[in-house]
Amino acid sequence: MGPVKQRIASEDYVTINVGPSHPAMHGTLRAIAYVSGETVLGTDLEIGYLHRGVEKLGENLTYHQFIPITDRLNYCSAIANNVAYEMAVEKLMGVEVPVKAQLIRIIMTELSRIADHIVLVGILGVDLGAFTPFFYLFIQREEIYEIFEWYNGARLTNTFGRIGGVESDLPEDFETRWHELKKGLEKAIDETDKLLTHNRIWMDRTIGVTPISAEDALSWGFTGPCLRACGVKRDLRKDEPYSLYSQFDFDVPTGKHGDVFDRYMIRMIEMQESMKIIDQAFDLYKQLGPNEPLMAKVPKIIKPPEGEVYHAIESPNGELGFYIKSDGTDKPYRIKIRPPCYMIFQAFDELIQGEMISDLIACLSSLNIIAGELDR
Amino acid sequence: MAIEAYSGDGWLLTKLEQLINWGRKRSPWPLPYGTACCGIEMMAALASGYDMARFGAERPSFSPRQADVLIEAGTITKKMVPILKRIYDQMAEPKWVIAMGACACSGGVFRTYSTLQGIDKVIPVDVYVPGCPPRPEGLLYALLKLIEKIEKDHPLHKKAVLLKGELQHGTQR
Amino acid sequence: MDWYFWIFAVMALGGGLFTITYKDILPCAMGLLTVFIAMAALYLHLNAPLVAVFQVTIYAGAILVLVLFVVMLLMSPGEKIKKSQVNCSNRFMGAVLTVGLMIFLGIGTKGLSDMIGAKELPEKFGNPGQLGIVLVQKFILHFEVVSVLLLAALVGAIYLAKKRI
Amino acid sequence: MDITTVTLNHYIALSVLLFGLGTLGVLVRRNTLLIFMSIELMMNAVNLMLVAFSHYKADLSGQVMVLFIYAVAAGEVAVGLAILIALFRHLKNVDINNFNIMKG
Amino acid sequence: MALKDSVSRLLQNDLIALEESAGCIFAEVPKDKIVSCLSSLRDELGFNFLSDIVGVDNSALYEAKAKKAKKKKDKEGEENETPEPERPALPRFEVIYLLLNPDTNERLQVRIRVPEDDLKVQSITSLWKGANWPERECFDMFGIRFEGHPYLRRLLMWDEFPAHPLRKDYPLEGMGEERHLIYEPEGEGHWT
Amino acid sequence: MAKPVVQRKYTLGERIYLVEILKGLGLTWKHFIFNFRASLKPGPHTVPTCWQYPWDRREIAPVFRGEHMLSLDEKGREKCIACGMCARVCPAQCITVKKGKVKEGEEEKYAGKFYPASFEIDLLRCIFCGFCEETCPKSAIVLGQGYELAQYEGKECIITKERLINNFKAALDSGNLKPPRKKVPVAGAKEKKSLKSGDKKGSKAQEA
Amino acid sequence: MNEWTIAIIKVVFIWSWTLLIATIMTWVERRGSALIQDRLGPNIAGPFGLFQPLADGIKLFTKEEFAPKHAHKILFTLGPVLFAIQAFSAYAVIPFGDKIVINAKEIVLQVADVNIGFLFVLAVGSLAVYGFVVGGWGSNNKYSLLGGLRATAQLLSYEVPLGLAMLAVCMTYGSFSLREISLDQAGTFLGFLPNWGIFKQPLGFLVFIVAAYAEANRVPFDLPEAESELVAGYHTEYGGMRLGLYLFGEYVNLYTLSALMVTIYFGAWHIPYVDMSSYLGPLAYGIVSFLVFFLKCAFFLWLFVWVRWTIPRFRFDQLMGLGWKSLIPLGLLNLFVTAFLIQITV
Amino acid sequence: MNGFETIFLYVGMSFLAISAMLIISALLGPLRPEPKKLETYECGVPLLDPAHKRFSLRYYVVAVLFLIFDIETILLYPVAIRYQVFARQGWAIFFEVFIFVAILLVGLFYAIIKRGIERE
Ligand code: SF4
Ligand code: SF4
Ligand code: SF4
């Protein structure tokens, strides 16, 4: 048995196996909780139930063929994965992506960020017993899917973009759709806010639950909303502005205590910030003519020069990085994915010690662990 | 027991069978076993837009004892195989399985060392839903197909045959 | 209305017998539950409806639950108490003692009852209200003392339960 | 309720029988929890007697007494089980024969 | 570049190589010095954020290179008999630590090379708590052992899995490993 | 500037539970009444947020990547030349094409010199990425809008050439055919290069 | 018609009535939740999906019934049975209308008007614990056991405030009999308000309703079956009809509690300011009183559903804290205020 | 007949109906017990340890508290029902009840201070 069990010397515990087929474990995570009464003394985590061998698969597919695989990493925000991977390869090849393509990428990434946060907030609500916000939010998520679908034909796993650009232009009715969506989103976020944020039951359930300090969070390798919830203002969009993010005006919300409530609030605010970014990006986009290039000039078969590269973007969950080593052939020599929740989930045991069983669920949901990118 | 002696097509029993089938097909409680991306689409199917509850498939029951339809949505890795099998085994009869998505059906794009190439290798599958992920409509269509299949079932007949069979073969299993 | 008495008398005795003989603890408790409910029914028969309800609320709804709680905390259903079911050395002695006790008690109470002699039941005997009046008029001091007793029990129980030996 | 043939004696008999069962339970069972249950059985027998007397003698004090007995029984069970739990922590079972630490 | 300078100044003798590839800086240090190097990088240059740990199996790369070189040699003909000055064979594995300085947003990649016959590396879990799982994963995928790791066990594959799947000699579709259906032993008594 | 997260101290209203709960109840009541009214209306699509699937379907995007089809040209000839590009580029390796040489007298059936003697797609494997469509030099293979793919048997999901062509015919009849693709403008790709990059990158365009 | 026939008719009627309400509640809950959540809910089985509960029932009926190996076979079955019996029995003393006169024979619309009235409901209600203890313990499953423990602790904790609220009620009305209490609520209070219990016991009603939600295991107090924590709580191992009994029992409990609330706090079958009996014939009056009573119950039943889909659930310690630190003091306060008011008014 | 018979009739009928339901259900449903099916469900993995290791004693404290307070309410019922009568005789009973409750409140405070009913 693991170190957790060694740590808990007292015999006063019961093990409760949470997962893999547990409603709160999203199918593939497993935590063995050592509880005494309702208090969790510690948890042994077991992951790898969704280890699909993506990295090995990447070594056997061409650079292009790997794009659809990245969709399936963080399936809540597939597009962000695509973009991260494509940008890494582009960096390796030294390709400059046309502005219009970048704008489309930004719009889509932010949309997928909203979609991701919707899943998180909705599921957090469901796990804490409030079902209705999930449904309100999912209606809007459905609208986002609709946009994706009309953009390039798939709802979830878009296989968005190509190395060197994007594969198609925004549909003509994007503007109307976006405005509709924006209205709906604002309403849904507002309703969720009304139903949850100030409800004392919700506050009791989330405030002060599984907090983490900024130092610990950094040491564990937290990134993204979970890190910002601790008060560290770190957002790759601001700090290492890739693509065109430096041109946009948006806020990076930070929390203070790093507890579930802060993580939840950060996501709620980030959704609104993302909407702002999309608006700005779309304004820029509209200034460009219809025949602006969407693709950079890249060879038909992608053969980056020998070398290695690490590139990270701010995915909805945090720093999503791709390390790619190329040996000059048309297949990557080694792809290593740095998924954000992989590092975050490690800290789960430390977060949960001394909290209660119900908090285990709340904490897990608030960390937004996506098994697909956790296990790869 | 009278039911045991059931042999063919008594009117009452046929009606009873129809009634049972009607009940079963109108209330297929799902066990949503969403392991990966397909799970998200399954959620979408359960959510407002498509609302699987209209078919009576509300109340997702995570306990296998209470569920009728195992919706296997997502990749099953080799590490997960024993768990999937166990959950299937622990479901109460009658039970059905929907394999949702390429991964569940055949392993999909993940032809790798750690992925199970199709859940039909370990548990029987009633309906396959190709797609990666299938649209929620695709899942609903599969559900409708499953309902069709349930309709054709002969619950009492099966039971009679089963009981007879057990009498003959003893308890070999 | 004899059947009423006999049904519940048999129920009570059966439940009691089950309780002290069955090998598994939780069914034993269920037996005891039967006894309690049968007793409550008998109380109704005896014009003591209030006592009957309290019997269910307190004995069945609280005391037995407390016992069950401890069962849940300390034992498992698989843990058959078969082997240690009966205290063999005490069995014979227990039986003898019990029979003696029963005879003694039976004769004693019978004598007592004969001594007091039967009385006519007044109208509305056993109405909840009357009970209250009796309680307040005759037993008000006891009433207060009981609260102290309960307090002591509460404090004692919590102290003991929290204490680690 | 008209009671014709069921007399006080019936109740006395029933009560004594129950009391006997309770005693037997206390004496022969080794599981402490069962002993507790048997004690409850005995108390119930006593209660029954009290109520029966109160009915046949047309005196409500008997019923009030029963109320107080409830309180006492509750106190007894609460403390008794607490002691049992404390002992259990020590001995890890509930067999009465093991509880001889009181003997010193 | 300022970063390069400061790194080379800080690590001085320990630095084997400092190269840049596609805008990323890779510093190579000796295997046994990794803990001290990383801790000095962390404490003095502010690289106090560990992004990830990457393991790489270079065997196929070397093979391909050797083949290429041989082909080249063959093509160039026999006149050039003198063998090329053989570089000492590089170790098979490498481990790359991806560091980040959250204040200046500089990234630094630190590389160590691990030969196949000595698959032991000092664990850096004492420096970063977050190094725990990446190291475990590295062990799982490549078989590199991290000494001093609190709980070095397979992470993604199940415990009984016999191979290290990300090594280049492991086929993509596996070698037919199946996870045994572990059912608890028959009969009672196991849990009471 | 860092945006502060909302206040975390409980106000009195929050403290006594009731106010917020009543507010929430009001909100859900609004939804309920709205949807209740809507649900009483006749017609399949009553509640605006809920699509009653078998009778009331969402509009599928014309570019949707659903079940494949093999297209015929205007003269009803099969476009596919069995070049195998799609099979090669497919990440899931689910396409099998067998080449056949067009015999004499069959020219009106096939557009090219070669034709696929058999063309099978294993839908169970396919991940609907659209790469095959994108690569096909003749725009022969197209991903249609069919999404009702569920089958009782796994082998029924391996679709054959007949079905692929039938799909196309059905789509043609119902007018659901995808619009022709639009070329993606490539940076710096001037006139001469456009051909080359066009066949690689010229992807489907979807102004619907 | 002699007494027994009437009694049997009443028993059969009210039994099937509660069963019917429970089934309809299943439907109401599903459709109601669906409409609250912008979807449609079951609408395929029968018109408006009305037969959905029937389908569920048939499904559960014909589902495999088995007890897991490690479960205690007797207790595993006994749990749901106890729970259901308890749930059904509690309704016995609650009225469902005033009275109906047929052939000059007065039939009280209540199974049994006993002088201990709501104490009977409380007593039977306190037996609900057994369903959870026996089922949870008998399943021999960790989730079930934890769910059972939670359920028990919760039920016990909230029984006290419930009792305290009732205590104040009984002080005000001087009776336990629910029929007497209902009859007392005719007319007006202070001249302008309907003479309903809620206006005499507003605080008491608050305590009562919160405790009632907890007793019924409804959100926000549905910890015992907290789906996301304990798979399905105490009925994790249950399937088939045994599960059906638990689910039914829950809805029957809801009905009982709503009826109790209506009887005590909402003027039972009285319509404010209107004295029905003076306008209507004896038969019509009986039926109207029944309908009025039922409509009032329906509101509370709907409230249960409505609240459930609006708010999140508590955590265990918060639940306990609410019960012991807020509700019990509130209940006691209410008790003393009532006592004080009575003291100064008599 | 004071109504109690009817209640027992009611209860008895419930019992019969419910048993009938279970029996019919057992007859109609299939029964295919297999060893794996009969295993305890634990999220799909083998059991880690027995379900019945000791759980927390907080539950016990709650139960004890409940027991005591239940008795308290029970004892107050007889008083409460005739309270209006007593009230006419002066404040004595009011204070009696007050003291009675106050003494028990001490117990509640003790339990809360000892943190018996919340986290341990
Ligand atoms: S089939 Fe596709 S979408 Fe579904 S789980 Fe597999 S990879 Fe994900
Ligand atoms: S479909 Fe297109 S790519 Fe595939 S073989 Fe035919 S012509 Fe070639
Ligand atoms: S859509 Fe993608 S996976 Fe499917 S056949 Fe075409 S290339 Fe292959």
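Residues numbered from 1 in each chain as written. Chains lettered and ligands numbered in written order. Predicted model: local features only at pLDDT ≥ 70, side-chain atom pairs only at ≥ 80, totals over all residues. Heavy atoms only, no water.

Undergrad: What should I look at first to understand the overall build of chain E in this one?
TA: Counting its regular elements, chain E contains four helices and seven strands. Tracing chain E from N to C terminus, the helices and strands come up as α-β-β-α-β-α-β-β-β-α-β. Counting over 192 residues, chain E shows a buried share of 51%. In chain E, the proportion of contacts linking residues at least 24 apart, taken out of those at least 6 apart, comes to 56%. (Helix = DSSP H or I, 4+ residues; strand = E, 2+ residues; numbered from the N terminus. Buried < 20%, exposed > 50% of the residue type's maximum accessible area, 1.4 Å probe, protein only. Contact = heavy atoms within 4.5 Å.)

Undergrad: Would you explain the sheet that holds strand E2 (residues 30-36) of chain A in this entry?
TA: Where strands meet in a sheet, backbone hydrogen bonds hold them as pairs that are either parallel or antiparallel. Residues and elements named next belong to chain A. The strand order across the open sheet built from three strands is E1-E2-E3, with neighbouring strands paired in antiparallel fashion. At either margin of the open sheet sits one strand with a lone partner, and together these are strand E1 (14-18) and strand E3 (39-46). If you compare each strand with its neighbour and ignore which way they point, the axes differ by 25° on average. Where E1 meets E2, five bridges bridge the pair, whose relative direction is antiparallel. Following the sheet pairing, Asn-17 is matched in E2 by Ile-32. (Pairing = 2+ DSSP bridges. Axes fitted to C-alpha atoms, helices over the stretch in contact; angles between N-to-C directions.)

Undergrad: Quick question: what am I supposed to make of helix H3 (residues 49-74) of chain C here?
TA: Count 3.6 residues to each turn of an α-helix, and residues three or four apart come out pointing the same way. All names here are of chain C. With 26 residues, H3 extends 35 Å from end C-alpha to end C-alpha; this agrees with the ideal 38 Å at 1.5 Å per step. Taken as a whole, H3 carries its principal kink of about 35° at Val-65. Burial within H3 is extensive, with 26 of its 26 residues counted as buried. (Expected span 1.5 Å × (residues − 1). Bend = angle between axes of the 7 residues up to and from the residue.)

Undergrad: Mind showing me how you'd approach the site of ligand 1 here?
TA: By nearness alone, 14 residues border ligand 1, and Cys37(B), Cys38(B), Ala102(B), Cys103(B) and Cys132(B) come closest of all. Ligand 1 sits at a junction of chains, with neighbouring residues supplied by chains A and B. Every element with two or more residues in the shell around ligand 1 is listed here: helix H2 (37-46) and helix H4 (101-106) of chain B. No other element matches the three residues that H4(B) contributes to the shell around ligand 1. (Near = heavy atom within 4 Å.)

Undergrad: Help me understand the pairing of E2(A) in this model?
TA: Where a strand is regular, its side chains alternate between the two sheet faces. Among the seven residues of E2(A), seven are classified as buried, and the element is accordingly described as predominantly covered. Burial along E2(A) is two-sided: Arg30(A), Ile32(A), Tyr34(A) and Ser36(A) and Ala31(A), Ala33(A) and Val35(A), pointing in opposite directions, are all buried.

Undergrad: Help me understand the site of ligand 3, please; the structure alone is not making it clear to me.
TA: In the neighbourhood of ligand 3, 13 residues make up the surrounding shell, with Cys90(F), Cys126(F), Cys129(F), Gly130(F) and Cys132(F) lying closest. Class assignment for the residues of the shell around ligand 3 results in 11 nonpolar, two polar and no charged. (Nonpolar A, V, L, I, M, F, W, Y, C, P; charged D, E, K, R; others polar.)

Undergrad: Explain a nonpolar patch on the surface to me, please; I cannot follow it from the model alone.
TA: Residues Leu333(G), Val337(G), Phe340(G), Leu341(G), Ile344(G), Trp91(H), Phe95(H), Phe98(H) and Ile99(H) make up a contiguous nonpolar surface patch of roughly 820 Å² in combined accessible area. Those elements that provide at least two residues to the nonpolar patch are helix H13 (316-345) of chain G together with helix H4 (92-113) of chain H. Sorting elements by how many residues they give to the nonpolar patch places H13(G) first, with five residues. The class of Leu341(G) is partly exposed, set by a relative accessible area of 45%. (Patch = residues over 30% accessible without salt bridge, like charges linked within 9 Å, V, L, I, M, F, W, Y side chains within 5 Å. Areas by Shrake-Rupley, 256 points an atom, 1.4 Å probe, with all protein chains shown as cover. Salt bridge = Lys/Arg side-chain N within 4 Å of Asp/Glu carboxyl O.)

Undergrad: Mind showing me how you'd approach the packing of helix H1 (residues 8-28) of chain D against helix H2 (residues 32-56) of chain D here?
TA: The relative placement of two packed helices is expressed as an angle between their axes plus a distance between the axes. Residue and element names in this part refer to chain D. H2 packs onto H1 with a crossing angle of 165° between their chain directions and a minimal axis gap of 7 Å. Considering the angle they form, H1 stands roughly antiparallel to H2. Where H1 crosses over H2, the handedness of that crossing is left-handed. Residues that form the contact of H1 with H2 fall into these classes: 20 nonpolar, five polar and no charged. (Parallel < 35°, antiparallel > 145°, perpendicular 65-115°, else oblique. Left-handed = near helix turned anticlockwise from the far one by under 90°.)

Undergrad: Please clarify how the pattern of salt bridges should be interpreted in this entry.
TA: Think of it this way: side chains of opposite charge can pair up when their charged atoms draw near. Taken as a whole, this structure holds 57 salt bridges over all chains when the rule is applied. A salt bridge links Lys187(A) to Glu191(A); its shortest N-O distance comes to 3.8 Å. Here Lys187(A) and its partner Glu191(A) are both found in helix H7 (residues 174-197), four residues apart, which amounts to about one turn of the helix. We classify Glu191(A) as buried; its relative accessible area is 9%. In this structure, Arg308(G) and Glu29(G) form a salt bridge, with 3.8 Å as the shortest nitrogen-oxygen distance. Of this pair, Arg308(G) sits in helix H12 (residues 282-308) while Glu29(G) sits in helix H1 (residues 3-36), placing them 279 residues apart in sequence. Overall, Arg308(G) belongs to the partly exposed group, its relative accessible area being 22%. Residues joined by salt bridges that share partners form a network here, namely Glu110(A), Arg113(A), Arg228(A), Asp235(A), Arg237(A), Glu270(A) and Glu314(A).

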